[in-house]
Amino acid sequence: AKEDGRNCVRLHDSRLADQTRERVRIGEELRGATTRGEFELYYQPQVDILTGRIDGLEALVRWNHPVRGLVPPSSFVPIAERTGAIVPLGGWVFGEACRQLRVWKDLGIAPKSLAINVSALQCRQPTFERDIEASLKTWDLTPDGIEIELTETVLMEATQHQRSVVERLRQLGFKIAIDDFGTGYSSLNYLTTYPVDRLKIAQQLVFQVTNDRRHATVVRAAIHLARDLDIEMIAEGVETLAQATFLSNEGCPKAQGYYYSRPVTAQQATDLLRAGRIS
Ligand code: C2E
Ligand code: CA
Ligand code: CA
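Here goes a summary of the coordinates provided.

**Some remarks on the coordination of the calcium ion (ligand 2)**
In ideal tetrahedral geometry, four donors around a metal make angles of 109.5 degrees, whereas ideal octahedral geometry with six donors gives angles of 90 or 180 degrees.
Point 1. Protein coordination at the calcium ion (ligand 2): the donors are Glu-58 (OE), Asn-117 (OD1), Glu-149 (OE) and Asp-179 (OD), at 2.1 to 2.3 Å from the metal.
Point 2. Counting residues between consecutive donors of the calcium ion (ligand 2) along the chain gives the motif E-x58-N-x31-E-x29-D.
Point 3. Here the calcium ion (ligand 2) and the calcium ion (ligand 3) are spaced 3.9 Å apart, linked through Asp-179, which binds each one. In this pair, Glu-58 is assigned in strand β2 (residues 54-65) and Asp-179 in strand β6 (residues 175-181), connecting sequence segments 121 residues apart.
Point 4. Look at Glu-58 and you get buried, because its relative accessible area is 4%.
Point 5. On the basis of relative accessibility, which here comes to 8%, the residue Asp-179 falls in the buried class.

What follows is the structure, given as structure tokens:
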């Protein structure tokens, strides 16, 4: 049994080493992937829970790796955040989302809002504001149709400089959304000081609303909190009709999740926008 135990440990060690090597490799391959054109944006609809009308889309990055195939962001975004590769990548994401929004505007089918994820490191760059303004100018867009998704952690750990950046963005007309609401900090204090437009109730909470009373209670409280603060809200990760029903009964107006649509390619998103709703 002792032998087994030791083998087990060794096996575990070598697996860890493999994982570390793999992360290092991904980190190296990320460098230059932007200029090699290996990234693509997918879009997931955000719908009005009562009517199924699409009123927004969230842009989600995908990596078309020449050897590995389609790599999900969970396998490379955290690494890109550590190596700094998220900065050029995030810049590309913003520009590409703007380009696509221009296409949809020209077709007359643009969604009310297009949500873009921005990481902490990215919004800490001194050129962040200038870069996004340049993208808007290139594609002849105004900020009002664009929503910037920041996590609670980003807001809580923000420096004075970052805070003023977020405030200025909002004054310029961008919408600010708190991503994964309810998973980061237990303190709600930042809601009193930060003017935000929208809370996105985290999918980890939504996931359990129909089979766990505590999750249901927390989600209900989040819905009431947002409503009383006059902040828009949307539930993410809605996978079942039962979850959608619970949310709409509790007064949550918007939802996003596999129940409505997975993230889809720009072409598929164009078809969804033409239809205007999820059938
Ligand atoms: P997120 O911003 O919370 O995005 C939502 C994630 O949940 C997406 O995963 C989406 O595909 C997935 N999802 C949507 N509906 C459902 C559902 O009903 N059930 C389940 N189980 N999952 C659902 P994805 O695309 O793999 O992205 C993962 C994370 O990677 C994102 O989480 C975000 O933090 C990050 N990410 C993605 N794109 C970007 C980007 O362009 N920039 C930055 N900085 N981060 C990004
Ligand atoms: Ca997000
Ligand atoms: Ca989220």
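This is not the end of the story, as more comes after the structure.
**Some words on unusual backbone geometry**
Point 1. A positive phi angle is found at Asp-140, which is not glycine, with a value near 50°.
Point 2. You can see Asp-140 is positioned in the loop between α5 (128-138) and β5 (146-151).
Point 3. Using a relative accessible area of 59% as the deciding quantity, one classes Asp-140 as exposed.

**Notes on the coordination of the calcium ion (ligand 3)**
Point 1. Within the first shell, the calcium ion (ligand 3) binds the protein through Asp-179 (OD), Asp-180 (OD), Glu-236 (OE) and Glu-236 (OE), at distances of 2.3 to 2.5 Å.
Point 2. Sequence positions of the residues that donate to the calcium ion (ligand 3) give the spacing D-D-x55-E.
Point 3. On the accessibility criterion, Glu-236 (8% relative accessible area) is buried.

**Some words on the packing of helix α3 (residues 86-107) against helix α12 (residues 266-275)**
Point 1. Closest axis-to-axis distance for the α3/α12 pair is 12 Å, and the angle between their directions is 35°. As for the relative orientation of α3 and α12, their crossing is right-handed in sense. Packed against α3, whose contacting residues are Gln-100, Trp-104 and Leu-107, the element α12 presents Ala-266, Ala-269, Thr-270, Leu-273 and Arg-274 at the interface.
Point 2. Grouping the constituent residues of the contact of α3 with α12 by class yields five nonpolar, two polar and one charged.

**What to know about the nonpolar core**
Point 1. With 77 residues, the main nonpolar core has Leu-30, Tyr-43, Phe-76, Val-196 and Leu-247 as its most contacted residues.
Point 2. Here this core takes eight residues from α3, the largest share from any one element.

**Describing the packing of aromatic side chains**
Point 1. Enumeration over the complete set of coordinates arrives at six aromatic pairs.
Point 2. Ring centres of Tyr-43 and Trp-104 lie 5.0 Å apart, and the angle between their planes is 75°; on these two criteria the pair is classed as edge-to-face. Here the residue Tyr-43 occupies a position in strand β1 (residues 39-48), and Trp-104 occupies one in helix α3, the gap between them amounting to 61 residues. When sorted by exposure, Tyr-43 lands in the same class as Trp-104, which is buried.
Point 3. Joined through ring pairs, the aromatic side chains of Phe-39, Trp-63, Phe-76 and Trp-92 make up one cluster.

About the cut-offs
- Residues numbered from 1 in each chain as written.
- Chains lettered and ligands numbered in written order.
- Predicted model: local features only at pLDDT ≥ 70, side-chain atom pairs only at ≥ 80, totals over all residues.
- Heavy atoms only, no water.
- Donors = N, O, S within 2.8 Å, 3.2 Å for Na, K, Ca; no water.
- Helix = DSSP H or I, 4+ residues; strand = E, 2+ residues; numbered from the N terminus.
- Buried < 20%, exposed > 50% of the residue type's maximum accessible area, 1.4 Å probe, protein only.
- Axes fitted to C-alpha atoms, helices over the stretch in contact; angles between N-to-C directions.
- Left-handed = near helix turned anticlockwise from the far one by under 90°.
- Contact = heavy atoms within 4.5 Å.
- Nonpolar A, V, L, I, M, F, W, Y, C, P; charged D, E, K, R; others polar.
- Core = buried A, V, L, I, M, F, W, Y, C linked by side-chain atoms within 4.5 Å.
- Phe/Tyr/Trp six-rings, centres within 6.5 Å; stacked < 30°, edge-to-face > 60°.

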